Number of protein chains: 2
Amino acid sequence: MTTRVPQERRRRRPTRSGVLLSEDLIVQTALRLIGEHGPEALSVRRLGAALGCDPTALYRYFHGTDDLVLAIADRIIGDAMAGFAPGDDWVASLRDMALRVRAGYLAHPRAAAMAAHRVTRRRNEIRAVETGIGLLLTAGFPSADAARLYLAFIDTVLSHAAAEAAFQALPPQQREADRRSWRDVYQGLDPATYPSLTAVRPELPAMADSSFEQAVDLLLEALAARARALGPK
Amino acid sequence: MTTRVPQERRRRRPTRSGVLLSEDLIVQTALRLIGEHGPEALSVRRLGAALGCDPTALYRYFHGTDDLVLAIADRIIGDAMAGFAPGDDWVASLRDMALRVRAGYLAHPRAAAMAAHRVTRRRNEIRAVETGIGLLLTAGFPSADAARLYLAFIDTVLSHAAAEAAFQALPPQQREADRRSWRDVYQGLDPATYPSLTAVRPELPAMADSSFEQAVDLLLEALAARARALGPK
DNA sequence: GCCTTACGTCAACAGGGTTGACCCAATATG
DNA sequence: CATATTGGGTCAACCCTGTTGACGTAAGGC
C-alpha cells in the first residue's frame, strides 16, 4: 500500500457521498461511534460507513488501526488538559492534572479503556509530560528523580483512570452485579476464617467506591515528604 | 448453538487424533500457547489445532472466548497467591503481595490484560483481601481507614499490573514502537518550547521502564508515615 | 489546458468467532 | 448381552475483521 500519511494534505477531494475527510473529522467520528455503540463498534469498515467513504480511504490518514487509536488517545488528553496552567503550588497542580486526566477518561470511558496504556507520542501527550516534569523540577528534585517520580505519578493516575473507565464501560447489568458483590459476597463470611473482614464489615460497602483520590493523595504525600527531605531550597 | 457446558462430563470421547479433552487440559494448553508463541497466538482455531481437535469442540466446554479467558484468569490468580503467608513486617508483606500479583499478571499478559478490570469475587481474592486488611489492622489503623487504605493500595497494584500486562500483550511491533518513542520522539524537541524535557533529556530513555515498584514504594511510604502519625502502639 | 499525483475506490486475501446440522460412540437401561 | 439415548467431536458455512495492491479520477501547479 505504501501509505505515506503526509502531515498536511493539499488536495482535498470529496468522497462519493460528498464528505471532505480530515484527520480531525475521522477522530471525532470514531469517538462518537465508540461513545454511542461501544468499543467493539470501532472498526475500519464501520468507521468508513459512518463517514460516508470507502473504509480503505482511512489508510490515507492513518497507517493502521493502531495509529488511529493513538490519535484518539491524544485527543482525549488534549481535551482534558485544555486550559490547564500550572500554579505556584506544585502539589496542588499535580493533583489538578490528575483530576483532569481522570475526568477526560471518564468522559469517554469506552474509548479510554482501549487507548489508556499507550504512549501516543503526539503533541498533547508531550505537552502534558513537559508540564508534569516541570512541576517536579520546581519542587527541587534533581532531574533523574524528577523523571522517574513523574513516571510513577502519571502511571498511577493513568492506570487508575483506565480501571475506572473500564468499569464504567461495562454493561450496566454487569456493573451493578459487581457493585453488589461487595455487599452480598462479603456478608455471610465465617468470622473465624475471616476475622479481619469481620472486623471491618461495616466499611465494606464503601469499597465499591472509587479509590482514585485516595491513591493520588497518598502518592502526593510521599512526594511532598521526599521533597521536604531534600532540604529547603 | 445452545451449548450447555455441563459441570462434569461423563462421556469422554477421544478426538480424531486420540486426545481426551477436558477443561483443565484446554486451559493448560491455552496458557502454554501464549507462553510459547506470544500473546497473539491465542485463538479458537489455533487452540484447536494445538489440542488436536476441531476448533468448535471447545464450545462444548466454554460458552465462548470470554468464558475461556475468565477460566484462565481464575487459574492465574490461584497460581500467583499460592503459598503466600503474611510475615511480621506489615509493609514488607504488602510489598510481597504486590509483587506476587504483578508476577502472576506478567506471566500471562494477554489473559491478564483481557480480564484485569473484571471482578471475580472468588475464594482467592477474598483471602487476599482478608490478608491485606489484616495487615493494615495490625499496623494500627482504625477499621474504617484500614478498609479505605487497603482499597487504594490494591487498586494501585492491580491497575499498575494491568497496565504492564496490557503493554506486554501488545503485538511486538507496537510494543517496540512505544518503547522507542521515549528515545526517538522526545529527543529532538525544541528547548525553548520544552525546557523541562530538555533539562531531563538524559533520563528520558529510562521512562520506558516500569514504574511499578517505584509507585508501590511511594504508596507504602505514605502508609507507613500515616501509621507513625497514629502514635506508637 | 495540460501533467502530475494525491487520494478515494474497488476487489481480494487471510484470518477471526460463532452457529447449526450431522453422526458416531459411550453410556444408561432393559 | 442388546438396545435406546445422547454427549460431544466434526464439518461446512456465515459474517466479521484488518490490510494490500491496482486502478482511475479529479484537484492544483504551471
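This text follows the structure it describes.
Residues numbered from 1 in each chain as written. Chains lettered and ligands numbered in written order. Predicted model: local features only at pLDDT ≥ 70, side-chain atom pairs only at ≥ 80, totals over all residues. Heavy atoms only, no water.

Where do I start with the pattern of salt bridges in this structure?
Note that side chains of opposite charge can pair when their charged atoms are close. Residues and elements named next belong to chain A. Counted by the stated rule, this structure contains 21 salt bridges over all chains. Across the pair Glu164 and Arg102 runs a salt bridge, and its minimum N-O distance is 2.9 Å. With a gap of 62 residues between them, Glu164 in helix H7 (residues 143-168) and Arg102 in helix H4 (residues 90-107) connect regions that are remote in the sequence. The class for Glu164 is buried, based on a relative accessible area of 18%. By relative accessible area, which is 16% here, Arg102 ends up buried. Look at the salt bridges and you will find they share partners, linking Arg95, Arg102, Glu164, Glu213 and Asp217 into a network. (Salt bridge = Lys/Arg side-chain N within 4 Å of Asp/Glu carboxyl O. Helix = DSSP H or I, 4+ residues; strand = E, 2+ residues; numbered from the N terminus. Buried < 20%, exposed > 50% of the residue type's maximum accessible area, 1.4 Å probe, protein only.)

What should I look at first to understand the interface of chain B and chain A in this one?
Where interface size is given, it is often the accessible area lost as the parts come together that is meant. Taken residue by residue, the interface counts 55 residues in chain B and 55 residues in chain A. Summed over both sides, the interface of chain B with chain A buries roughly 5100 Å², with 66% coming from carbon and sulfur. Its salt-bridge partner being Glu221 of chain B, residue Arg226 of chain A comes within 2.5 Å of it at the nearest N-O pair. The interface formed by chain B and chain A contains 10 residue pairs in polar contact (both at pLDDT 80 or more). Elements supplying a minimum of two residues to the side of chain B that touches chain A: helix H6 (123-138), helix H7 (143-168), helix H8 (172-184), helix H9 (195-199) and helix H10 (212-229) of chain B. (Contact = heavy atoms within 4.5 Å. Buried area = accessible area lost by both parts, 1.4 Å probe. Polar contact = N/O pair within 3.5 Å; in protein donor to acceptor, adjacent residues only side chain to side chain.)

Teacher, can you tell me more about the packing of helix H6 (residues 123-138) of chain A against H7 of chain A here?
A pair of packed helices can be characterised by two numbers: the angle between their axes and the separation between those axes. Residues and elements named next belong to chain A. Close contact between H6 and H7 brings their axes to 9 Å; oriented N to C, the two are set at 125°. By the criterion of interaxial angle, the relationship of H6 to H7 is oblique. Where H6 crosses over H7, the two elements pack in a sense that is right-handed. Counted together, Ala128, Val129, Gly132, Ile133, Leu136 and Leu137 of H6 and Ser143, Ala146, Ala147, Leu149 and Tyr150 of H7 form the full contact between these two elements. Here the contact of H6 with H7 is composed, by residue class, of 9 nonpolar, 2 polar and no charged. (Axes fitted to C-alpha atoms, helices over the stretch in contact; angles between N-to-C directions. Parallel < 35°, antiparallel > 145°, perpendicular 65-115°, else oblique. Left-handed = near helix turned anticlockwise from the far one by under 90°. Nonpolar A, V, L, I, M, F, W, Y, C, P; charged D, E, K, R; others polar.)

What exactly am I supposed to notice about the relation of the copies chain B and chain A here?
Superposition record for chain B on chain A: RMSD 2.3 Å, screw rotation 178°, translation along axis 0.9 Å. A rotation of that kind, with that shift, is consistent with a two-fold axis. Residue Ala222 of chain B, judged by its C-alpha, is the member of chain B lying nearest the rotation axis, at 2.3 Å. Taken together, the interface assignments show that 96% of the residues at the interface of chain B recur at the interface of chain A, consistent with an identical surface on both copies. (Least-squares fit on C-alpha atoms with pLDDT ≥ 70 in both.)

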